[in-house]
Amino acid sequence: MERTAQINRKTKETDICLTLQLDGAGKCQADTGIGFFDHMLDGFARHGFFDLKCMVKGDLGVDGHHTVEDTGIVLGQAIRQAVGDKKGMNRYGYFILPMDEALALCAIDFSGRPYLNFECQFTASRVGYLDTELVREFFYAVSYSAGMNLHLKLLSGSNNHHMIEALFKAFAKALDQATSLNPRIQDVLSTKGSL
């Protein structure tokens, strides 16, 4: 069974077409109009072994907010659709990822109860054409659309490029672990019997 999703979402602010395969090879084709954001999505796909295609037309003449937030919404919807009933899935994932001086922690629970804990402080207002305050907006949108409990924390870092990239890669590794199938889990990993 292929765990894939395709989501199309069009509003007055953005037009997004996204496809995701959880059990992929790390292939990515991303065009959001924000180069650094494309780079982060590519790192996410490559290090999580997800196949991702993400085409976004957003109102970048206003700013990058709608483009980044709406991409997070659609990616979260795709993750939720691709995991399906969550049977046989690890449910939990965590990773601590170093990138030069930066160290990022990510922990995930596919509980169905969305929550974001984001303990990350940046020292620059932008990296490339990505406003650093939009990093939180992206992960908030992903966590709530996917129905996941998501904790992200920067343990160290001084270079904002490294810090953000470490967060995206840590998220990828934790998500790969959480969504991986485990032959010992016959149903869903919950005493409730559902997630």
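Everything that follows concerns the structure shown earlier in this document.
Peer 1: What should I look at first to understand the pattern of salt bridges in this one?
Peer 2: Two side chains with opposite charge may pair up if their charged atoms get near one another. Scanning the model with the defined rule gives 7 salt bridges in all. The residue Arg3 makes a salt bridge to Asp23 at a minimum N-O spacing of 2.8 Å. Separated by 20 residues along the polypeptide, Arg3 in the segment before strand S1 (4-10) and Asp23 in the loop between strand S2 (14-21) and strand S3 (28-31) bring together distant segments of the chain. Overall, Asp23 belongs to the partly exposed group, its relative accessible area being 42%.

Peer 1: I tried to follow the sheet that holds S1 on my own but got confused; where do I start?
Peer 2: Two modes of strand pairing occur in sheets, parallel and antiparallel, and in both the strands are linked by backbone hydrogen bonds. Taken in spatial order, the 4 strands line up as S1-S2-S4-S3 in an open sheet, and their pairing is mixed. The strands lining the two open edges of the sheet, one partner per strand, are S1 and S3. In this sheet, neighbouring strand axes are inclined to one another by 5 degrees on average, regardless of whether the strands run parallel or antiparallel. Pairing analysis gives 7 bridges linking S1 to S2, with the strands arranged antiparallel.

Peer 1: I would appreciate a short explanation of the packing of aromatic side chains in the present structure.
Peer 2: Each aromatic ring pair is specified by the distance between its two centres and by the angle formed by the two planes. Counted according to the given criterion, the structure contains 8 aromatic pairs. A centroid spacing of 5.2 Å and a plane angle of 25 degrees characterise the contact between Phe138 and Phe168, whose relative ring orientation is stacked. In this pair, Phe138 sits in helix H3 (residues 133-146) while Phe168 sits in helix H4 (residues 160-179), placing the two residues 30 residues apart along the sequence. Assessed through its relative accessible area of 2%, Phe168 is described here as buried. Ring centres of Phe139 and Phe168 lie 4.9 Å apart, and the angle between their planes is 50 degrees; on these two criteria the pair is classed as tilted. One end of the pair, Phe139, is in helix H3; the other, Phe168, is in helix H4, with 29 residues separating them in the sequence. Side by side, Phe139 and Phe168 carry an identical accessibility label, which is buried. An aromatic cluster is present here, built from Phe37, Phe44, Phe50, Phe138, Phe139, Phe168 and Phe171 joined pairwise through their rings.

Peer 1: Just checking my understanding: could you explain H3 for this structure?
Peer 2: Because an α-helix packs 3.6 residues into every turn, residues spaced three or four apart end up facing the same way. The terminal C-alpha atoms of H3, which comprises 14 residues, lie 21 Å apart, in line with the 20 Å expected from a rise of 1.5 Å per residue. Turning to H3, its buried residues are Leu134, Val135, Phe138, Phe139, Ala141, Val142, Ser143, Ser145 and Ala146. On its buried face, H3 is in contact with helix H1 (35-48), helix H2 (65-83), strand S7 (115-119), strand S9 (130-131), strand S10 (149-156) and H4. Of the residues one or two after H3, Gly147 is the one with positive phi, at around 75 degrees.

Peer 1: What is the right way to look at the sheet that holds S7 in this model?
Peer 2: Taking strand neighbours across the sheet as the criterion, the 4 strands line up as S5-S6-S10-S7 in an open arrangement whose pairing is mixed. Each of the sheet's edge strands pairs with one partner strand only, and the pair in question is strand S5 (92-99) and S7. Each strand of the sheet is rotated relative to its neighbour by a mean of 10 degrees, with strand direction disregarded. Where S5 and strand S6 (residues 102-109) come together, 8 bridges link them in antiparallel fashion. Within S6, the residue paired with Gly93 across the bridge is Ile108. Against the sheet, H3 engages S7 and S10, with an angle of about 155 degrees to S7. The sheet strands contacting H4 are S5, S6, S7 and S10, and the helix crosses S5 at an angle near 150 degrees.

What counts and how
Residues numbered from 1 in each chain as written. Predicted model: local features only at pLDDT ≥ 70, side-chain atom pairs only at ≥ 80, totals over all residues. Heavy atoms only, no water. Salt bridge = Lys/Arg side-chain N within 4 Å of Asp/Glu carboxyl O. Helix = DSSP H or I, 4+ residues; strand = E, 2+ residues; numbered from the N terminus. Buried < 20%, exposed > 50% of the residue type's maximum accessible area, 1.4 Å probe, protein only. Pairing = 2+ DSSP bridges. Axes fitted to C-alpha atoms, helices over the stretch in contact; angles between N-to-C directions. Phe/Tyr/Trp six-rings, centres within 6.5 Å; stacked < 30°, edge-to-face > 60°. Expected span 1.5 Å × (residues − 1). Contact = heavy atoms within 4.5 Å.

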